[in-house]
Amino acid sequence: MKTALLLALYLTLNSFFALSQEEEYYDENYLRYTNHIYKENIYTVLAHRDGWVLSNPVMYLNSENGIVVSFDNLDTDIKDYSYTVEHCNANWQPSGLMRSEFIEGFTENQITDYAYSFNTMVEYVHYNVHIPNEDMKITLPGNYILKIYEDFDEKDLVITKRFFVVEDKVGIEASIKRPSQIDRRNYSHEIDFTLNTTGLNLIDPFNEIKVVIRQNNRWDNEITDLKPMYIKDNQLIYDYDVGNLFYAGSEFRFFDIKSLRYQSERIQQIEYEKPYYHVRLLDDESRRFQVYLYHQDLNGRYMPEVQEGEDDDTEADYCYVYFTLPYEAPMIDGNFYVFGSLSDWNYNARNRMTYNYEKKAYQLKMLLKQGYYNYEYIYVQDGTTLADNTFLEGSHYETENDYVIYVYHRGINDRYDKLVGLKTINSLRQ
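One structure accompanies this document, and this report is about it. (Residues numbered from 1 in each chain as written. Predicted model: local features only at pLDDT ≥ 70, side-chain atom pairs only at ≥ 80, totals over all residues. Heavy atoms only, no water.)

1. Quick word on the sheet that holds strand S29 (residues 402-409)
Line of reasoning, step 1. Spatially, 4 strands are ordered S16-S15-S29-S30 in an open sheet, and the strand pairing comes out antiparallel. Single-partner strands in this sheet number two, and they are strand S16 (223-224) and strand S30 (418-426).
Line of reasoning, step 2. Two strands pair when backbone bridges link them, and strand S15 (residues 209-215) and S29 are joined in this way by 7 bridges, in the antiparallel orientation. For Gln215, the partnering residue across the bridge sits in S29 and is Tyr403. (Pairing = 2+ DSSP bridges. Helix = DSSP H or I, 4+ residues; strand = E, 2+ residues; numbered from the N terminus.)

Given below as structure tokens:
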């Protein structure tokens with residue numbers, strides 16, 4: 001009897017916290033300086049360099065090659081969307097600059113690039129924002145937030161999306177190796193690098209330079225505030241034994257839903273129940289204690305794509321994808337999430353798994369656009385902000401990962417952080 005009461009209490013509290021999280025997630029009046037969706041009908045938000053969907057949203061100052069932010073609205077009527085950008089410091093807080101200081105042209109513009117879906121079971125409208133464009137150009141380097149909102153009301157937010165503008169002034173030489181630290185040697189990557197600051201007039205390198213390292217596209221486990229170990233002429237040397245280590249994780253899991261006419265690898269079943277296709281993946285399992293297995297992946301990204309069509313933006317359909325992770329009993333101090341670019345590297349109500357007591361498994365149903373997807377399972381303990389992708393996936397130094405080094409400069413008389421260097425390295429292709 002006592003066990004039954006405790007179980008009922010646990011389920012009630014879980015439902016309450018899930019509802020609270022859901023309500024907070026779609027709180028339209030709360031501006032986040034993160035990648036965030038504020039409307040329930042918005043899906044497939046992507047930001048990348050123009051022409052390369054798998055790239056990071058990085059543009060170089062005074063270059064015509066910019067970025068694209070795209071998204072779908074599953075309402076069938078055209079919305080009156082506008083956008084602007086905000087300059088942020090290296091910690092993704094408002095820099096305090098006026099928009100006229102970093103924008104050339106109009107500081108607010110309407111989104112006029114949109115198209116209806118074609119020949120899909122689920123109707124939607126696809127939108128694109130290109131920066132720079134004829135109406136708006138960015139004039140200062142740094143971190144930026146793109147704000148998309150409705151009816152010219154900046155409080156009626158739809159999307160916020162991060163992107164980067166680089167003024168290339170710092171040379172970066174970097175390498176990835178097995179850690180010197182013995183207890184992390186088989187599980188992690190060590191990132192060592194040297195900055196050539198000849199292009200900068202540094203007075204206090206320890207305080208003027210800020211470095212951020214990100215693994216793949218994750219935000220929650222980034223390394224910040226590393227100080228140079230040595231300074232030699234115009235070189236800042238970051239050669240740590242600790243402090244610059246990432247758990248390497250495992251290669252990402254994957255599934256292919258470019259076609260809904262046949263079952264590709266890892267697809268158990270495809271059914272149609274108006275108006276959605278329902279795709280059930282094969283059951284997954286914990287890989288925590290498995291040996292390393294290599295397969296080529298997209299490092300957590302996904303590519304919207306339709307096999308029986310020509311335009312991936314407007315001819316790819318939406319379907320419900322079902323994830324199942326058998327697990328003997330529910331975790332009482334945290335939650336499991338399906339994680340990767342398909343969740344915008346966030347963990348929230350959209351990608352949180354729930355426990356099915358009858359099947360003894362965690363499950364999740366996600367509405368996704370057709371394409372090729374990478375994903376992994378993470379565990380987030382209550383009260384923490386760092387996702388653990390090793391709890392179910394394991395970690396192996398052999399794993400292939402991308403790492404991006406961002407270098408920011410703020411001189412003693414400067415009012416904002418400038419992004420003055422960026423370097424992408426791969427653990428297998430150095």
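Here the narrative resumes.
2. Side note on the layout of surface pockets
Line of reasoning, step 1. In this structure, the second largest pocket occupies an estimated 790 Å³ of space.
Line of reasoning, step 2. If you go around the second largest pocket, you meet 41 residues; those closest to its centre are Arg350, Leu364, Lys365, Met366 and Leu367.
Line of reasoning, step 3. Contributing elements (two or more residues each) for the lining of the second largest pocket: helix H1 (2-25), strand S1 (36-37), strand S2 (42-49), strand S22 (276-281), strand S24 (318-326) and strand S27 (361-369).
Line of reasoning, step 4. When residues in the lining of the second largest pocket are grouped by element, the largest group, 7 residues, is from S27.
Line of reasoning, step 5. Taken together, the residues that form the lining of the second largest pocket break down as 19 nonpolar, 12 polar and 10 charged. (1 Å grid on protein atoms, 1.4 Å probe; cavity = no way out; pocket = protein on both sides within 12 Å on 5 of 7 lines; lining within 4 Å. Points joined across faces, edges and corners; volume = space filled by probe spheres on them. Nonpolar A, V, L, I, M, F, W, Y, C, P; charged D, E, K, R; others polar.)

3. Topic: the packing of aromatic side chains
Line of reasoning, step 1. All told, the structure shown has 34 aromatic pairs when counted by the stated rule.
Line of reasoning, step 2. A centroid spacing of 5.4 Å and a plane angle of 15° characterise the contact between Tyr144 and Phe163, whose relative ring orientation is stacked. Of this pair, Tyr144 sits in strand S11 (residues 142-150) while Phe163 sits in strand S12 (residues 153-166), and the two are 19 residues apart along the sequence. There is no split in this pair, since Tyr144 and Phe163 are both buried.
Line of reasoning, step 3. On the numbers, 5.7 Å between centres and 90° between planes, the contact of Tyr375 with Tyr377 is edge-to-face. With respect to class, Tyr375 is no different from Tyr377; both count as buried.
Line of reasoning, step 4. Taken together, the ring pairs in this structure connect Tyr327, Phe336, Tyr355, Tyr357, Tyr362, Tyr379 and Phe391 into an aromatic cluster. (Phe/Tyr/Trp six-rings, centres within 6.5 Å; stacked < 30°, edge-to-face > 60°. Buried < 20%, exposed > 50% of the residue type's maximum accessible area, 1.4 Å probe, protein only.)

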